[in-house]
Amino acid sequence: MTDTITPKVAIISSLTGGLGHYCAHLANPLSKYCYIKFITYPQVDLTGAVVKQITDSFVRRYIKWPRFDLDESNPLSVVSINEYLAAKGVNIINIHVGTTVKRKIIYFIALCVYAKRLNSKKLIFTLHDVLPFEDDKKLVKLLKVFYSLADYFTVGNDLEKKKLVKYFEIPESKIDIIPHGIYNLFDRNLYTQAMARGYLDIPRKKKVILFFGFLREYKGLEYLIKAAGILSKKPDNNFLVYVASALKYAPRDLVERCLELINKLNLQEKFVLNLNYLDSLDIEAIFKASDLVALPYTYASQSGVLNMAMGFKKPVVVTDAFYDKIWIENKAGIVAKSKDAQSLAQNIQILLGNDRLGKQYGEFGFRYTSRHFNWDIVAKKYANVYHKVIK
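How each quantity is defined
- Residues numbered from 1 in each chain as written.
- Predicted model: local features only at pLDDT ≥ 70, side-chain atom pairs only at ≥ 80, totals over all residues.
- Heavy atoms only, no water.
- Helix = DSSP H or I, 4+ residues; strand = E, 2+ residues; numbered from the N terminus.
- Rg over C-alpha atoms; globule rule 2.2 N^0.38 Å.
- Buried < 20%, exposed > 50% of the residue type's maximum accessible area, 1.4 Å probe, protein only.
- Contact = heavy atoms within 4.5 Å.
- Areas by Shrake-Rupley, 256 points an atom, 1.4 Å probe, with all protein chains shown as cover.
- Lys, Arg positive; Asp, Glu negative; His and termini not counted.
- Charge placed at Lys NZ, Arg CZ, Asp CG, Glu CD.
- Expected span 1.5 Å × (residues − 1).
- Polar contact = N/O pair within 3.5 Å; in protein donor to acceptor, adjacent residues only side chain to side chain.
- Axes fitted to C-alpha atoms, helices over the stretch in contact; angles between N-to-C directions.
- Parallel < 35°, antiparallel > 145°, perpendicular 65-115°, else oblique.
- Nonpolar A, V, L, I, M, F, W, Y, C, P; charged D, E, K, R; others polar.
- Pairing = 2+ DSSP bridges.
- Patch = residues over 30% accessible without salt bridge, like charges linked within 9 Å, V, L, I, M, F, W, Y side chains within 5 Å.
- Salt bridge = Lys/Arg side-chain N within 4 Å of Asp/Glu carboxyl O.
- Core = buried A, V, L, I, M, F, W, Y, C linked by side-chain atoms within 4.5 Å.
- Phe/Tyr/Trp six-rings, centres within 6.5 Å; stacked < 30°, edge-to-face > 60°.

The next point concerns the overall build of the protein. Assigned secondary structure in the protein consists of 16 helices and 14 strands. Taking 2.2 N^0.38 as the reference for a compact globule, 391 residues should give roughly 21 Å; the C-alpha atoms of the protein span a radius of gyration of 21 Å, in line with that estimate. Each principal axis of the C-alpha distribution contributes one length, and for the protein these read about 70 × 40 × 40 Å. A total of 391 residues make up the protein; the buried ones form 53% of that total. Excluding contacts between residues fewer than 6 apart, the proportion of contacts in the protein whose partners are at least 24 apart in sequence is 75%. Taken as a whole, the protein presents about 18,000 Å² of accessible surface, with 51% of it coming from carbon and sulfur. Taking the 56 positively charged and 37 negatively charged side chains of the protein as two groups, their mean positions are separated by 4 Å.

Let us look at helix α14 (residues 341–352). Here α14 contains twelve residues, and its C-alpha end-to-end distance of 16 Å stays within 8% of the 16 Å for a straight helix at 1.5 Å per residue. When we look at burial in α14, the residues that qualify are Ala341, Ser343, Leu344, Ala345, Asn347, Ile348, Leu351 and Leu352. The N-terminus of α14 is capped by Asp340, whose side-chain oxygen sits 3.1 Å from the backbone nitrogen of Gln342.

The next point concerns the packing of helix α9 (residues 221–231) against helix α10 (residues 252–264). It is at 10 Å that the axes of α9 and α10 come closest, and there the two elements cross at 5°. Judged by the angle between their axes, α9 and α10 are roughly parallel. Listed contacts from α10 to Leu221, Glu222, Ile225 and Lys226 of α9 are Leu254, Arg257, Cys258, Leu261 and Ile262. Classifying every residue of the contact of α9 with α10 by side-chain character gives six nonpolar, no polar and three charged.

It is worth spelling out the pairing of strand β12 (residues 292–295) at this point. Burial along β12 is two-sided: the residues Leu292 and Ala294 and Val293 and Leu295 are all buried. Across two bridges, the pairing between strand β9 (residues 207–212) and β12 is parallel. The partner of Ile209 across the bridge, within β12, is Leu292. In the sheet, β12 pairs with strand β13 (residues 316–319) via three bridges, with the strands oriented parallel. Following the sheet pairing, Ala294 is matched in β13 by Val317.

Moving on, we come to the environment of Met310. Locating Met310 in the fold gives a position in helix α12 (residues 304–311). The exposure class of Met310 is buried, given its relative accessible area of 1%. Along the sequence, Met310 and Glu169 sit 141 residues apart, while their C-alpha atoms lie 34 Å from each other. Every residue in contact with Met310, bar those within four places of it in the chain, is listed here: Ile182, Val316, Trp327, Ala332, Gly365, Phe366 and Thr369.

With that settled, consider a nonpolar patch on the surface. A surface patch of nonpolar side chains, amounting to about 400 Å² of accessible area, comprises Leu46, Phe214, Tyr249 and Tyr277. Relative to the elements of secondary structure, Leu46 occurs in the loop between β3 (43–44) and β4 (50–51).

What follows deals with the nonpolar core. Judged by nonpolar contacts, the single largest core of 68 residues is most densely connected at Phe212, Phe287, Leu295, Leu306, Val316 and Tyr386. Considering every element that reaches this core, the biggest residue donor is helix α16 (residues 375–390), with nine residues. Residues within four places of Tyr386 in sequence aside, it is in contact with Pro7, Val9, Ile11, Leu30, Cys34, Ile92, Asn94 and Ile124. Counting residues in hydrophobic clusters, the runner-up holds 38 residues, among them Ala10, Tyr84, Leu123 and Val155.

On to unusual backbone geometry, then. One non-glycine residue, Glu169, lies in positive phi territory at about 55°. Residue placement: Glu169 occurs in the loop between α7 (158–168) and β8 (175–177). Of note in this structure, Asp201 is not a glycine but carries a positive phi near 60°. Residue placement: Asp201 occurs in the loop between α8 (193–200) and β9. The exposed category is assigned to Asp201, whose relative accessible area is 68%.

This brings us to the environment of Asn94. Relative to the helices and strands, Asn94 resides in strand β5 (residues 92–97). Beyond its immediate chain neighbours, meaning those up to four positions away, Asn94 contacts Val9, Ala10, Ile11, Ile12, Ile124, Phe125, Thr126, Tyr382 and Tyr386. Engagement of the side chain of Asn94 in a polar contact is seen with the backbone oxygen of Ile124, the distance being 3.2 Å. Polar contacts involving the side chain of Asn94 include one to the side chain of Tyr386, which spans 2.7 Å.

On to the packing of aromatic side chains. Applying the stated criterion to the full structure yields 23 aromatic pairs. Each ring, one from Tyr218 and one from Tyr299, has its centre 6.4 Å from the other, and the planes form 85°; the classification is edge-to-face. Of this pair, Tyr218 sits in the loop between β9 and α9 while Tyr299 sits in the loop between β12 and α12; the two residues are 81 residues apart in sequence, bridging distant segments of the chain. According to the relative accessible area criterion, Tyr299 is partly exposed, its value standing at 22%. Ring centres of Tyr382 and Tyr386 lie 6.2 Å apart, and the angle between their planes is 35°; this geometry places the pair in the tilted category.

Ordered in space as β2-β1-β5-β6-β7-β8, the six strands form an open sheet in which the pairing is parallel. The strands lining the two open edges of the sheet, one partner per strand, are β2 (35–39) and β8. The mean inter-strand angle of the sheet, taken between neighbouring strand axes irrespective of direction, is 20°. With four bridges joining them, strand β1 (residues 8–12) and β5 adopt parallel strand pairing. When the sheet's bridge partners are listed, Val9 is paired in β5 with Ile92.

Structure (structure tokens):
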């Protein structure tokens, strides 16, 4: 990495939800290596008003003075953004591509064409998921057009790199792997487990299985419900499943199916459903109150929830859909078969019945991710990519 040029980088990303948490962890470490400016969308506050400010208190603490210029309803915003970037001497645009970008892909194609063809900006796409979660062949065709505009790509692991090569014919020489960092800033040491359970009104003597994050089909909550049904028939079934997932962001039919399944299996007393909007300040209490984190995903590229669990030293039960199983299995947690409620139940039961093993897994996961996936390492990898494209 050369010392003579300090890259000036515009990071274009959603600053809500998982991408907001990611960028908040990245901001300070990355600022050691380059000048950065965040450009994002206007946000919706709790009253429903559209505002030009960060509404998540955690993200607001770490990302200062972003611009809220992204506006797909106004094509001229493409011109305004590019004029701002030119005036500030920004030479790299790093777009963090998640679900929101894919939904607004025509707007982002226009933004990138203008930046590349008229302003000669270098474009780096950070792909948090290479393929859309839905099997949408038309969207994949548009992604081919969109991805063709990038000068360079970063992805989270080797599996995602192979997808980018296979489905979009991107040369390996244009792709770097930058792993997802550990989410270690949420733990402010405000709660013990007892305090967290008191705050959340969870019985102290129950074993708590946490399912956390926006509810999506691929996250496999229905398999966890079925697994809970199996576990409830065991002699020692003193457990609760705490579901923390904002209802407003979930597909209505999926919510209804899950609720119907809970009722059908008579599991109402085994599930605590926190379906309200969660302020990031509550994340610590929710994880501290839990004994283990279940990620019964049927598909996974990378997971912020997994990295939250590591940050709170929680053991995990993941499925073999996770690339991360290569370092998790029997070290930071247990790997169950995807789409298999029986396998999920068996592996959850192992951790429910062995506190010492759960503590061992949680501590290993924290040490491993702190060593290999800390944010200074992540930031250096981004800085290396930035220097590659401006040579």
